[in-house]
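Residues per chain are reported as follows:
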Amino acid sequence: MAKLIMSLDNALIREVPLDKERITIGRKSRNDIQIDNLAVSGEHALIVTILNDSFLEDLGSTNGTLVNGNPIKKHILQSNDVVEIGKYKLKYLNEAGAGQATVQDFEKTMVLRAPLSKMPVTATADNFGDTQINPVGATTTTQSRPQPTVVDLAKPAVGKLAAIQILTGTSAGKELELTKNLTTLGKPGVQIAVITRRPHGYFLTHVEGVNYPVLNGKTLDAQAQQLNDHDVIELAGVKMEFFLKVT
């Protein structure tokens, strides 16, 4: 299990296991990790952990969040990364991820759709995505990344492959097979969710945005929700259907 080692002026304060999908950090008492310091915003940062990977996001804090000395908005954490919030340091340790995939190796796909705009949305490294379906329906590659020498990402033994089909908008009818361990859906800055492919099925988890995904007409919470054949997902103003592929 991944964990954070929290320290101040090189003095160890506490060790925090990342045993929940969402860990909030901030000055207010309702946070999972409370840092009672004026340099820390009330709701400063968020860590989302899915399978063996953790995503750090700065929640628009006043003084920002640093990773290894560099300011970030979103960051895929790697073992031994040092997160700085105010004068506090949180060292990220993840034995399960050590020696496996780097950020460039990580298998990710994003479906981007801007319902109110006719301009394609360009994915960036901050969006955690490599591929998009743009508003006019054409599939484009947003970045050219070097091929890794070794990729050690074992695929879970899911019985059937699945896919999603876009139901609304100009991309209606488009299909995306969920062949990756992690598929990111949504529009950066508006709403993002991920579908994870696990040994016992596919799960939908909210990652970013004030509004949570809607599944079959019901708004989800922060917990992962297992998907069933023909479930209808509404995300960032787009409806899509999850279905199992016939093999």
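The structure reproduced in this document is the subject of the present report. Everything numeric in this text was worked out from a predicted model, so none of it was measured.

## Some thoughts on the side chain of R197
Position of R197 relative to the elements: it lies in strand β18 (residues 191-198). Engagement of the side chain of R197 in a polar contact is seen with the side chain of Y202, the distance being 3.0 Å.

## Quick word on the sheet that holds strand β24 (residues 238-244)
Read from one edge to the other, the open sheet built from 6 strands follows the order β16-β15-β24-β23-β20-β21, with strand pairing classed as antiparallel. In this open sheet, the two edge strands, each paired with only one partner strand, are β16 (175-177) and β21 (218-219). Sheet topology note: the strand β20 (residues 214-215)/β21 ladder contains 2 bridges and is antiparallel. For V214, the partnering residue across the bridge sits in β21 and is T219.

## Some remarks on the nonpolar core
Counting 21 residues, the largest nonpolar core has L4, I33, I35, I47, L56 and I85 as the members making the most contacts within it. Of all the secondary structure elements, the ones that give two or more residues to this core are β1 (3-8), β3 (22-26), β5 (45-50), β10 (82-85) and β11 (88-93). Residue contributions to this core peak at 3 residues, all from β11. Leave out the neighbours within four places in its chain, and I33 touches L4, M6, R14, V16, I23, T24, I25, G26 and L90.

## As for the environment of N70
Mapped onto the secondary structure, N70 falls in strand β8 (residues 70-72). Residue N70 is classed as partly exposed on the basis of its relative accessible area of 48%. Taking the C-alpha atoms as reference points, N70 and V83, 13 residues apart in sequence, are found 9.3 Å from one another.

## Quick notes on the environment of I50
Along the chain, I50 falls in strand β5. Here I50 falls in the buried class, since its relative accessible area comes to 4%. In this structure, the C-alpha to C-alpha distance between I50 and A224, residues 174 residues apart in sequence, is 9.3 Å. Ignoring anything within four residues of it in the chain, the contact list for I50 reads F55, L182, V194, T196 and R198.

What counts, and at which threshold
- Residues numbered from 1 in each chain as written.
- Predicted model: local features only at pLDDT ≥ 70, side-chain atom pairs only at ≥ 80, totals over all residues.
- Heavy atoms only, no water.
- Helix = DSSP H or I, 4+ residues; strand = E, 2+ residues; numbered from the N terminus.
- Polar contact = N/O pair within 3.5 Å; in protein donor to acceptor, adjacent residues only side chain to side chain.
- Pairing = 2+ DSSP bridges.
- Core = buried A, V, L, I, M, F, W, Y, C linked by side-chain atoms within 4.5 Å.
- Buried < 20%, exposed > 50% of the residue type's maximum accessible area, 1.4 Å probe, protein only.
- Contact = heavy atoms within 4.5 Å.

Purely spatial values, then, with no claim about function.
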